[in-house]
Amino acid sequence: MYKVKVYVTLRESVLDPQGKAVQQSLSSLGYNGVEDVRIGKYMELQFDDTVTDVEGTVKEVCEKLLSNPVIEDYRYEIEESAKQ
Amino acid sequence: MKFAVIVFPGSNCDVDMYHAVKDELGEQVDLVWHDADNLDQYDGILIPGGFSYGDYLRSGAIAHMSVVMNAIKKAAEAGKPVLGVCNGFQILLESGLLPGAMLRNKNLKFICRTVELSVENNKTMFTSSYEKGDKIRVPIAHGEGNYYCDDETLAKLKENNQIVFTYASDVNGSLSDIAGITNEKGNVLGMMPHPERAVDDLLGSADGLKLFQSIVKHWRDSHVVNA
């Protein structure tokens, strides 16, 4: 059993209007040291034992569906997890 | 000419599109559910606006994995007109039938109002009834219509005259004020504004009707003898 944590964020070259609004909001609260905020998505995928190539499958689903390569980057962490 | 309006769970402009074609254009049209695997009987495919699958993950991301998308790709390859409006445009972008992606509107607001568009290219099967440079009034209603693509793609879009409609002034932050683009072949058009909501003066504008009339004219010219 594997637990996979997937992080999807807008690419550095793409402007993040949501992140910018949050950064400005933090700044108006007095947190002037927060220079930049990028907002993304966090997903947890639970794999059962039938999947042999977990890493290959994770890359495949990230590229096919979980992220849009035109505007987004992804990274992932694979953790072994005990059977529930 | 016979049109299919594709319906996904969460589509909400499907009925508007249906009536625009049936009542204002006077052509045949069916509402077609997203699990259809064959669209061979249709001459034109219309993908309406809405919030397919609740916009989960990204707008259009889940819909582009539907069964009907294979049939839509086949129709596009066959050169049939494929029009995606609003969420339909987002689905076409996700499916790769059109290049680029949509970001949140620059001002982070859902914008719902009638805007002025410029017709940038009238040499397409969707715009032949307009003049180049025409200013038309068409409603928009979207939160994610901020068109984005890389510099290389944008240069290609310009070079091939694939930018068909632009906003007359900056509305949502779109690159080059892009409101609608076609594929390279010119038979797939995606646009954020809703031409189906501008087909009668009673609706505030009839400027969208010419778009549908252009499609029919193009079809007649190639399918009807002595058209």
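Per chain, the residues get numbers from 1 upward, laid out in the order the sequence is written. As they are written, the chains are lettered A onward and the ligands numbered 1 onward, keeping that order. Local features in a predicted model are, by the rule used here, given only for residues with pLDDT of at least 70; side-chain atom pairs are given and counted only at 80 or more, and totals for whole chains, interfaces and linings are based on all residues. Values reported for side chains reflect all heavy atoms of the structure, with hydrogen atoms and water molecules removed beforehand.

Chain B carries the name Phosphoribosylformylglycinamidine synthase subunit PurQ in an unreviewed UniProt entry, which gives Domibacillus aminovorans as its organism. UniProt positions are given in the numbering used here, feature names are shortened, and annotations may be inferred rather than shown by experiment. On record in UniProt, under Pathway (unreviewed entry), the comment for chain B is "Purine metabolism; IMP biosynthesis via de novo pathway; 5-amino-1-(5-phospho-D-ribosyl)imidazole from N(2)-formyl-N(1)-(5-phospho-D-ribosyl)glycinamide: step 1/2." Quoted verbatim from the Subcellular location (unreviewed entry) heading of the UniProt record, the comment on chain B is "Cytoplasm".

The name an unreviewed UniProt entry assigns to chain A is Phosphoribosylformylglycinamidine synthase subunit PurS, from the organism Domibacillus aminovorans. Looking at the Catalytic activity (unreviewed entry) heading of the UniProt record, one finds this comment for chain A: "N(2)-formyl-N(1)-(5-phospho-beta-D-ribosyl)glycinamide + L-glutamine + ATP + H2O = 2-formamido-N(1)-(5-O-phospho-beta-D-ribosyl)acetamidine + L-glutamate + ADP + phosphate + H(+)". In its Sequence similarities (unreviewed entry) section, UniProt records this for chain A: "Belongs to the PurS family."

S.K.: Help me understand the pattern of salt bridges in this model?
M.R.: Any Lys or Arg side-chain nitrogen located within 4 Å of an Asp or Glu carboxyl oxygen qualifies as a salt bridge. This model, assessed by the stated rule, comprises 13 salt bridges over all chains. When the shortest N-O distance is used, the salt bridge between B:Asp40 and B:Lys74 registers 3.2 Å. Here B:Asp40, found in the loop between strand E2 (28–33) and strand E3 (44–47), pairs with B:Lys74, found in helix H2 (residues 68–77); they are 34 residues apart in sequence, far enough to count as distant. Any residue under 20% of the maximum accessible area for its type is buried, any over 50% is exposed, and the rest in between are partly exposed; the area is computed with a 1.4 Å probe on protein chains only. Using a relative accessible area of 46% as the deciding quantity, one classes B:Asp40 as partly exposed. Salt bridges sharing partners connect three or more residues here, namely A:Lys41, A:Glu72, B:Arg58 and B:Glu94. The secondary structure listing takes helices from DSSP runs of H or I that are at least 4 residues long and strands from runs of E that are at least 2 residues long, numbered from the N terminus.

S.K.: Sorry if this is basic, but what is going on with the sheet that holds strand E3 (residues 72–80) of chain A here?
M.R.: Pairing between sheet strands relies on hydrogen bonds along the backbone, with the strands arranged either parallel or antiparallel. Residues and elements named next belong to chain A. Note on pairing: two strands pair once DSSP finds at least 2 bridges between them. Strands sit in the order E2-E1-E3 across an open sheet of three strands; the sheet is antiparallel. In this open sheet, the two edge strands, each paired with only one partner strand, are strand E2 (40–47) and E3. Across this sheet, the average inter-strand angle for adjacent strands is 20°, counted without regard to direction. In the sheet, strand E1 (residues 2–10) pairs with E3 via nine bridges, with the strands oriented antiparallel. Across the sheet, Lys5 pairs through a bridge with Glu77, a residue of E3. Note on contacts: a residue pair qualifies if any of its non-hydrogen atoms lie within 4.5 Å across the two residues. Note on geometry: axes are lines fitted to C-alpha atoms, helical ones only across the stretch in contact, with angles between N-to-C directions running from 0 to 180 degrees. Here helix H2 (residues 54–66) sits on the sheet and contacts E1, E2 and E3; the angle it forms with E3, its principal contact strand, is near 150°.

S.K.: Which parts of the structure should I look at to understand the pairing of strand E1 (residues 2–7) of chain B?
M.R.: The side chains of a regular strand alternate, residue by residue, between the two faces of the sheet. Residue and element names in this part refer to chain B. Here E1 lies mainly inside the structure; six of its six residues are buried. Strand direction decides the pairing type here: E1 and E2, joined by six bridges, are parallel. For Val5, the partnering residue across the bridge sits in E2 and is Leu31. Consider the strands pointing away from the viewer: the crossover is right-handed when the path from the first strand over the helix to the second runs clockwise. Regarding the hand of the β-α-β motif, the stretch spanning E1, helix H1 (residues 14–25) and E2 is right-handed. Sheet analysis places E1 next to E3, joined by three bridges and oriented parallel. In the sheet register, Val5 faces E3, and the bridge partner there is Leu46.

S.K.: Looking at this structure, how should I read the environment of B:Glu94?
M.R.: Tracing the backbone through its elements, the reader meets B:Glu94 in helix H3 (residues 87–95). In this structure B:Glu94 comes out as buried when scored by relative accessible area, which is 15%. With 28 residues separating them in the primary sequence, B:Glu94 and B:Asn122 have C-alpha atoms 26 Å apart. Beyond its immediate sequence surroundings of up to four residues, B:Glu94 is in contact with A:Asn68, B:Arg58, B:Ser59, B:Gly60, B:Ala61 and B:His64. Polar contact is the term for a pair of N or O atoms within 3.5 Å; when the atoms are in protein, one must be able to donate a hydrogen and the other to accept it, and sequence-neighboring residues count only if both atoms are side-chain atoms. Separated by 3.3 Å, the side chains of B:Glu94 and A:Asn68 make a polar contact.

S.K.: For this particular structure, what's the right way to read the UniProt feature "active site" (unreviewed entry) in chain B?
M.R.: Residue and element names in this part refer to chain B. Using the residue numbers shown here, the UniProt feature "active site" (unreviewed entry) corresponds to Cys86, His194 and Glu196. The named residues occupy 111 residues along the chain; their greatest pairwise C-alpha distance, 10.9 Å, places them in one compact cluster. Structurally, His194 is set in the loop between strand E11 (188–191) and helix H5 (209–223). The class for His194 is buried, based on a relative accessible area of 0%. Ignoring anything within four residues of it in the chain, the contact list for His194 reads Cys13, Gly49, Val85, Cys86, Val138, Pro139, Ile140 and Ala141. A polar contact is formed between the side chain of His194 and the side chain of Glu196, at a distance of 2.7 Å. For Glu196, a relative accessible area of 2% corresponds to the buried category.

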